[in-house]
Amino acid sequence: MRAAQIIEQRKPLKIGNVPDPTPGPHDVIVKVEASGICRSDWHAWMGDWEWLGLSPVLPIIPGHEMGGVVEAVGAEVKNFRPGDRVTTPFHEGCSHCSNCQSGHSNRCDNLQIYGFAYDGAYAEYVKIPNGDFNLVKLPDEVDFVTAAAIGCRYMTGYHGVVRANLQPGDWLVVHGTGGVGLSSIQVGNAVGAQVIAVDVDDAKLEMARKEGAVATINARNENVVEAVKQITKGGAHASIEALGIQETILNSVLSLRKGGRHVQIGLTTHNEAGIVGLPIDAVTAQELEIVGSLGNPRTEYDGLLALIAQGKLNPRSLVSKEVSLDDVNDVLNDMTNFRTYGFNVITKFK
Ligand SMILES: [Zn+2]
Ligand SMILES: [Zn+2]
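Looking at an unreviewed UniProt entry, one finds the protein named Propanol-preferring alcohol dehydrogenase, with Anoxybacillus andreesenii as its source organism. The record held by UniProt for the protein lists under Cofactor (unreviewed entry) the comment "Zn(2+)". In its Sequence similarities (unreviewed entry) section, the UniProt record describing the protein reads: "Belongs to the zinc-containing alcohol dehydrogenase family."

Undergrad: Explain helix 7 (residues 224-232) to me, please; I cannot follow it from the model alone.
TA: Because an α-helix completes one turn every 3.6 residues, residues spaced three or four positions apart along the sequence face the same direction. Burial in helix 7 covers these residues: Val 224, Val 225, Ala 227, Val 228 and Thr 232. The buried residues of helix 7 occupy an angular sector of 165° when projected down its axis, which confines them to one face. When the buried face of helix 7 is taken as reference, the exposed residues oriented beyond 90 degrees from it are Glu 226 and Gln 230. In this fold, the buried residues of helix 7 make contact with strand 10 (171-175), strand 11 (194-199), strand 12 (215-218), strand 13 (236-241), helix 8 (246-254) and strand 14 (256-264).

Undergrad: It is not clear to me how the coordination of the zinc ion (ligand 1) should be interpreted in this structure. Could you clarify?
TA: In the first shell of the zinc ion (ligand 1), the protein supplies Cys 94 (SG), Cys 97 (SG), Cys 100 (SG) and Cys 108 (SG), at 2.3 to 2.4 Å from the metal. Here the zinc ion (ligand 1) binds four donor atoms, and the angle range of 100 to 120° at the metal identifies the geometry as tetrahedral. Between consecutive donor residues of the zinc ion (ligand 1), the sequence gaps follow C-x2-C-x2-C-x7-C. Both residues of the pair, Cys 94 and Cys 100, count as buried.

Undergrad: Help me understand the domain arrangement of the protein, please; the structure alone is not making it clear to me.
TA: Often, the extent of an interface is quoted as the loss of accessible area upon association of its parts. You can read the domains of the protein as domain 1 (2-154 + 296-348) and domain 2 (156-292). Its C-alpha centre places domain 1 at a distance of 26 Å from the equivalent point of domain 2. Facing the 30 residues of domain 1 at the interface are 24 residues of domain 2. A buried area of about 2100 Å², summed over both sides, lies between domain 1 and domain 2, and 59% of it is on carbon and sulfur atoms. Summed over the shared surface of domain 1 and domain 2, the result is zero salt bridges. At the boundary of domain 1 with domain 2, the tally comes to 14 residue pairs in polar contact (both at pLDDT 80 or more). If you list the elements that add at least two residues to the side of domain 1 that touches domain 2, you get helix 4 (144-163) and helix 10 (301-309). Tallied by class, residues from the side of domain 1 that touches domain 2 come to 15 nonpolar, nine polar and six charged.

Rules of the game
- Residues numbered from 1 in each chain as written.
- Chains lettered and ligands numbered in written order.
- Predicted model: local features only at pLDDT ≥ 70, side-chain atom pairs only at ≥ 80, totals over all residues.
- Heavy atoms only, no water.
- UniProt positions renumbered as here; feature names shortened; annotations may be inferred.
- Buried < 20%, exposed > 50% of the residue type's maximum accessible area, 1.4 Å probe, protein only.
- Helix = DSSP H or I, 4+ residues; strand = E, 2+ residues; numbered from the N terminus.
- Arc of directions from axis to C-beta.
- Contact = heavy atoms within 4.5 Å.
- Donors = N, O, S within 2.8 Å, 3.2 Å for Na, K, Ca; no water.
- Tetrahedral: all angles 85-135°; square planar, octahedral: opposite > 155°, others 65-115°.
- Domains from an automatic or database assignment.
- Buried area = accessible area lost by both parts, 1.4 Å probe.
- Salt bridge = Lys/Arg side-chain N within 4 Å of Asp/Glu carboxyl O.
- Polar contact = N/O pair within 3.5 Å; in protein donor to acceptor, adjacent residues only side chain to side chain.
- Nonpolar A, V, L, I, M, F, W, Y, C, P; charged D, E, K, R; others polar.

What follows is the structure, given as structure tokens:
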């Protein structure tokens, strides 16, 4: 099959033929119809995230956002058969630990990310382990590009909004309007929050408005904390930090009203290496809540897919470009320069 492989960090991916994957007893082989190019792939390619244990052993085929059709199933797989239309969360669960058993597959004790721990979906075929547990059937209304669009960033934004515990009319500030941020804005708007988008790029803020942000703040030109407090008359009920940068994390926490909730989604880069400072006395004095949000548990897919099938959520609107496997190096280089807008999805593999 044709695939793109990271051979060496920061060097162009090698695009060419590799052996087809074969299924073990619990594995499912999926013919990839659409495969998203995520900023996490860029981080893997740059060599970030050793402190998270997320440095892939090279060579590896990246890609952890996909929609496709079941091609072959292992002998023990019971719930899927060739021809089924499927997607999967980027984080694959073991199915038997206490977190998987209690519906929190995103907290699996043996969690593995396809495209990081083993080969992913920048390829014609991908092997998904524990297929019965990890694969999700797609409703007829949900096409493959949409499935790729929800594989990581969109479902992460969705779960982030769930974690924000919003009431209708609440003010939600989304810091960073990349893929996760735009997704959070769309979902936050759909659940009745008043969303404020913060970024340093006016074109991205314009996209944020299209996805339902009622106000935008360009952090290059404005003091974010003051602007949020003014717009919200006292501070946001919740905020989502989708960048992993010390300054934006501080802006997020300091922009909350008393009792507000900061949801951390963004993972840091080499500058922070996983450690940031927090205004901890303000957390105490204002009874702020700081929560993390990782991916989206398998159990939240039914709601997510139903809302998409009904047209209440439209992840496809975030797909700015369909590209071919041969274009992945160009897209990664654009990510280095923050020149990608919305999602780039591979739909051509030959
Ligand atoms: Zn598990
Ligand atoms: Zn991702």
